[in-house]
Amino acid sequence: MEDDKPWALVSGAVEHGLYEDLTPIMKQHFQILCYKDFLQNPQLHGPKIQAVLLWDNIPPTDPSTLRSLPSLKVVANGGVGIDHLDVPYINSLGVKVTNTPGVVSDATADMAMGLLLASARKIVQGHQISVDPNTTNHKPQSLMGVEVTGSTMGIIGMGHIGCRIAQRGKGFDMKILYHNRNRRSVEDEQAVGATYCEKMDDLLKESDFVVLAVNLSPETTGLISTRELNLMKPTATLVNISRGRVVDQDALVKALQSETILAAALDVTYPEPLPRDHPLLGLPNVLITPHVGTDTLSTSRKIVQRMVENAVAVLKGQSIPNEVKPK
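Now for a description of the structure that goes with this document. Since we're looking at a predicted model, the values are computed, not measured.

### Overview of the packing of aromatic side chains
Enumeration over the complete set of coordinates arrives at two aromatic pairs. Their ring planes at 25° and their centres at 6.1 Å tell us that Y35 and F38 sit as a pair that is stacked. One end of the pair is Y35 and the other is F38, both in helix α3 (residues 35–38) and three residues apart, which spans about a single turn. Considering the side-chain rings of Y178 and Y196, the 5.2 Å spacing of their centres and the 50° angle between planes classify their relative orientation as tilted. Within this pair, whereas Y178 is found in strand β7 (residues 175–179), its partner Y196 is found in strand β8 (residues 194–196), the two being separated by 18 residues in sequence. Residue placement shows K48 over the ring face of W7; its charged tip is 4.0 Å from the ring centre.

Here it is, written out as structure tokens:
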């Protein structure tokens, strides 16, 4: 019976927008309420909500919103990163937090490799020249790119996503270096041909492409700043598919302007989007995409399915596939 299903609060983008075809996955287990409809009468709707299905940080999980949901049992986040969630506070309300690791790895790794290739081979600039009606020289010297095959890729953060990036790099005969809090097993290293760098400095000095795939935490905030950029080769490119705050953007602007490094390719910034007058937007050696690393229909379906599985497990008192606990 439809009326027997628990209520979930969801983003309007999922229910009515770009991801509308994902709604049936939720409706198999929940009666769903769009956040904008919730705001029309929080006092009426709040007490019946048992799950928040979080997509692109919506619905918000600020204290005011959470206090209006007295029956809430779970905040199910779509995606891996939970830096936008105050997990200890949410837990203090008796509410579980979950995320969706694993299912986002391939799409995000594809994005990392796409950014790397597009930056190295100046694909966006080439497209702009090719479609510009005023173009007279279709192959200017400025389109001379960087060889990817046989180059060295340094991956900082060798979790699920980092390993998938390494697999793709191996397909381009790249030398793979990685730095991680904990060294991977010999089997993992051999599978992708990766070499462990105990010191991140060594990776920065040797890599042609430095790819950031870490979770955002107090330890990784500002991980790449002036000192680290100065260690990189002047011919190196920084690729970031993790979180914007992992990089000191002021230091990055200076490094790109001074040609301390060759280029940057970013799927994440801080904030998102950047102010329209931000200096990064005006640099010719920067490629920026709007945090779309997981945005494929296939991966979006997997994310929503995992969100629902996590939320249902909490409500039924079952083992939770992907519970996030305070560190």
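We are not done yet, so read on.
### Some thoughts on the side chain of T108
Mapping T108 onto the fold places it in helix α7 (residues 105–120). From its side chain, T108 meets the backbone oxygen of V104 in a polar contact 2.8 Å long. With sequence-adjacent residues up to four places away left out, T108 is seen in contact with I161, I241, G293 and T294.

### Brief notes about the sheet that holds strand β6 (residues 152–156)
One open sheet holds the seven strands; their spatial order is β8-β7-β6-β9-β10-β11-β12, and the pairing between them is parallel. A single partner strand is all that each edge strand has here, and the edge strands are β8 and β12 (286–288). The average angle at which neighbouring strand axes cross in this sheet is 20°, direction not considered. The pairing of strand β11 (residues 263–266) with β12 spans three bridges and is classified as parallel. Across the sheet, residue L266 finds its bridge partner in β12, namely I288.

Rules and cut-offs
- Residues numbered from 1 in each chain as written.
- Predicted model: local features only at pLDDT ≥ 70, side-chain atom pairs only at ≥ 80, totals over all residues.
- Heavy atoms only, no water.
- Phe/Tyr/Trp six-rings, centres within 6.5 Å; stacked < 30°, edge-to-face > 60°.
- Helix = DSSP H or I, 4+ residues; strand = E, 2+ residues; numbered from the N terminus.
- Lys NZ or Arg CZ within 6 Å of the ring centre and 35° of its normal.
- Polar contact = N/O pair within 3.5 Å; in protein donor to acceptor, adjacent residues only side chain to side chain.
- Contact = heavy atoms within 4.5 Å.
- Pairing = 2+ DSSP bridges.
- Axes fitted to C-alpha atoms, helices over the stretch in contact; angles between N-to-C directions.

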